Amino acid sequence: MSNTLEGLIIIGGAEDKKGEKKILQEVCAHIEKESQLLVIVTVATQLPIEVGNEYSNIFYKLGIKNLRVLDVANRQDALKSENVELIEKASLVFFTGGDQLRITSILGGTPLYSTMKHKYSDGCVFVGTSAGASVMSDTMIVKGIDDESPKKCTLKMAPGLGLIKGVIIDQHFAQRGRVGRLLIGVAENPEVLGIGIDEDTSIIVNRENILRVLGSGAVYIIDGSNISDTNVSEQYQDNILSIFNVTMHVLKTGDKYNLKTRTPFI
C-alpha cells in the first residue's frame, strides 16, 4: 500500500480507464485488495447503474475483491441504516462524477454524511473524480463561465463536504478553459487556494497537507494571499475582473506542494 497517511485522492475527471490506468491503479494501492472494502458512491450521477457497473468492472480487473456500489438517489436513501453501515465498513470511498450539488444537497445533514466525516477522520481514504473532486473542499464551485475572461461576480459557489480545508477545487481545468472562473473564486476568497486539475490528472493529499501530482496533465495552484488590488464587488457584475499580484504555480506529475506553507517542491 501507499503512504497510509494519504487520505484524499482528487481527480480532475476523464481519468484513463482503458490504458495504463495510472490514477485508478494508485487508488487501488491505498487499500488491501484481497480484504478491505471499496465503496463506489454514485450520488452525483443521473446514471447510477451504468456508472457504478463501469467502475466496479474496472476496479475488479485491477484486483479489488471486495466491492460495493452505494446508490443514494434521494435524502431518504441517505437515512437508511444499511447505507450508513456500508460506509462504516469501507476502507476507501470513491465518488463518481456528475453534479456536485446533488452530492451536498442529498447528503448534507444526514447520518450518512456524519458517518463519512467520521470515517475520514478515522483514516478511511476518500477519492473523487470530476464533480466528486469539486465537492471535497469546504467551499465548491457550482457554476461559472468557461473559456472567457473573468468577470467580477459571475461565479456560483456552495458549501462542499469539507474533507479538505482552505481550498477551492476546479476540474476539467485546461480542457474547459476554467482559469478565469478559478481566478474569480480566489479574488472573492483570497484566503483560500484555488486548485485547478486537468483531466487524467490527480492530487494525492496526505494528513500533513502535502499534495503530490499524478497524471498526464497539470495542476494549477492560484494563491491570492498577496493580492494588492482587485475590483471584485456585486456592482457591475459583468465588468472584467481586475486583480493584481496573484501567484500561480503549475505542477506536473511527481511535483509536490505544501498547503500549509504554500510552497511547491520536487
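The preceding data block contains the structure.
Residues numbered from 1 in each chain as written. Predicted model: local features only at pLDDT ≥ 70, side-chain atom pairs only at ≥ 80, totals over all residues. Heavy atoms only, no water.

Asker: Any chance you could explain the packing of aromatic side chains here in plain terms?
Answerer: Describing an aromatic ring pair means giving the distance of the ring centres and the angle of the ring planes. Enumeration over the complete set of coordinates arrives at six aromatic pairs. Seen in terms of ring centroids, tyrosine 55 and phenylalanine 94 are 4.8 Å apart; in terms of plane orientation they differ by 50°. Their pairing is tilted. Taken together, the residues tyrosine 55 in helix α2 (residues 48–61) and phenylalanine 94 in strand β4 (residues 90–95) connect sequence positions 39 residues apart. Through successive ring pairs, a cluster of aromatic residues spans Tyr55, Phe59 and Phe94. The lysine or arginine in question, lysine 65, covers the ring of tyrosine 60, its NZ or CZ lying 5.8 Å from the ring centre. The ring of tyrosine 120 has arginine 207 lying over it, and the distance from NZ or CZ to the ring centre is 4.2 Å. (Phe/Tyr/Trp six-rings, centres within 6.5 Å; stacked < 30°, edge-to-face > 60°. Helix = DSSP H or I, 4+ residues; strand = E, 2+ residues; numbered from the N terminus. Lys NZ or Arg CZ within 6 Å of the ring centre and 35° of its normal.)

Asker: Help me understand the side chain of threonine 115, please; the structure alone is not making it clear to me.
Answerer: By secondary structure assignment, the location of threonine 115 is in helix α5 (residues 111–121). Overall, the relative accessible area of 11% leaves threonine 115 in the buried class. With near-sequence residues (within four places) excluded, threonine 115 lies in contact with Val84, Ile87 and Glu88. (Buried < 20%, exposed > 50% of the residue type's maximum accessible area, 1.4 Å probe, protein only. Contact = heavy atoms within 4.5 Å.)

Asker: Explain the nonpolar core here, please?
Answerer: When a protein is soluble and globular, its nonpolar side chains tend to lie buried together. If you look at the biggest cluster of nonpolar residues, it comprises 48 residues, and the most contacted ones within it are Phe95, Leu107, Phe126, Ile195 and Leu211. Broken down by element, this core gets its largest block of residues, four residues, from α5. Judged by nonpolar contacts, the second largest core, of 21 residues, contains Ile11, Cys28, Ile64 and Leu214. (Core = buried A, V, L, I, M, F, W, Y, C linked by side-chain atoms within 4.5 Å.)

Asker: I'm lost on unusual backbone geometry in this one. Help?
Answerer: Keep in mind that most residues, glycine aside, have a negative phi and that most peptide bonds are trans. The phi dihedral of asparagine 245 is positive, around 60°, even though this residue is not glycine. Summarising the element assignment, asparagine 245 is placed in the loop between β14 (243–244) and β15 (247–251). Despite not being glycine, arginine 262 has its phi angle at roughly 55°, a positive value. Along the chain, the position of arginine 262 falls in the loop between β16 (256–258) and β17 (263–265).

Asker: What exactly am I supposed to notice about a nonpolar patch on the surface here?
Answerer: A cluster of nonpolar side chains, Val179, Met248 and Val250, forms an exposed patch at the surface whose accessible area comes to about 240 Å². Tracing the backbone shows valine 250 in strand β15. (Patch = residues over 30% accessible without salt bridge, like charges linked within 9 Å, V, L, I, M, F, W, Y side chains within 5 Å. Areas by Shrake-Rupley, 256 points an atom, 1.4 Å probe, with all protein chains shown as cover. Salt bridge = Lys/Arg side-chain N within 4 Å of Asp/Glu carboxyl O.)

Asker: It is not clear to me how helix α7 (residues 179–188) should be interpreted in this structure. Could you clarify?
Answerer: Residues spaced three or four apart along an α-helix face the same direction, because each turn holds 3.6 residues. Most of α7 is tucked away: eight of the ten residues are buried. Within α7, the full set of buried residues consists of Gly180, Arg181, Leu182, Leu183, Ile184, Gly185, Val186 and Ala187.

Asker: Mind showing me how you'd approach the pairing of strand β2 (residues 37–41) here?
Answerer: For a regular strand, side chains alternate in direction, first toward one face of the sheet and then toward the other. The buried fraction of β2 is high, at five of five residues. Covered by surrounding structure in β2 are Leu37, Val39 and Val41 together with Leu38 and Ile40, the residues of both alternating faces. Bridge count between β2 and β4: five bridges; the pairing is parallel. Paired with leucine 37 across the bridge in β4 is alanine 90. (Pairing = 2+ DSSP bridges.)

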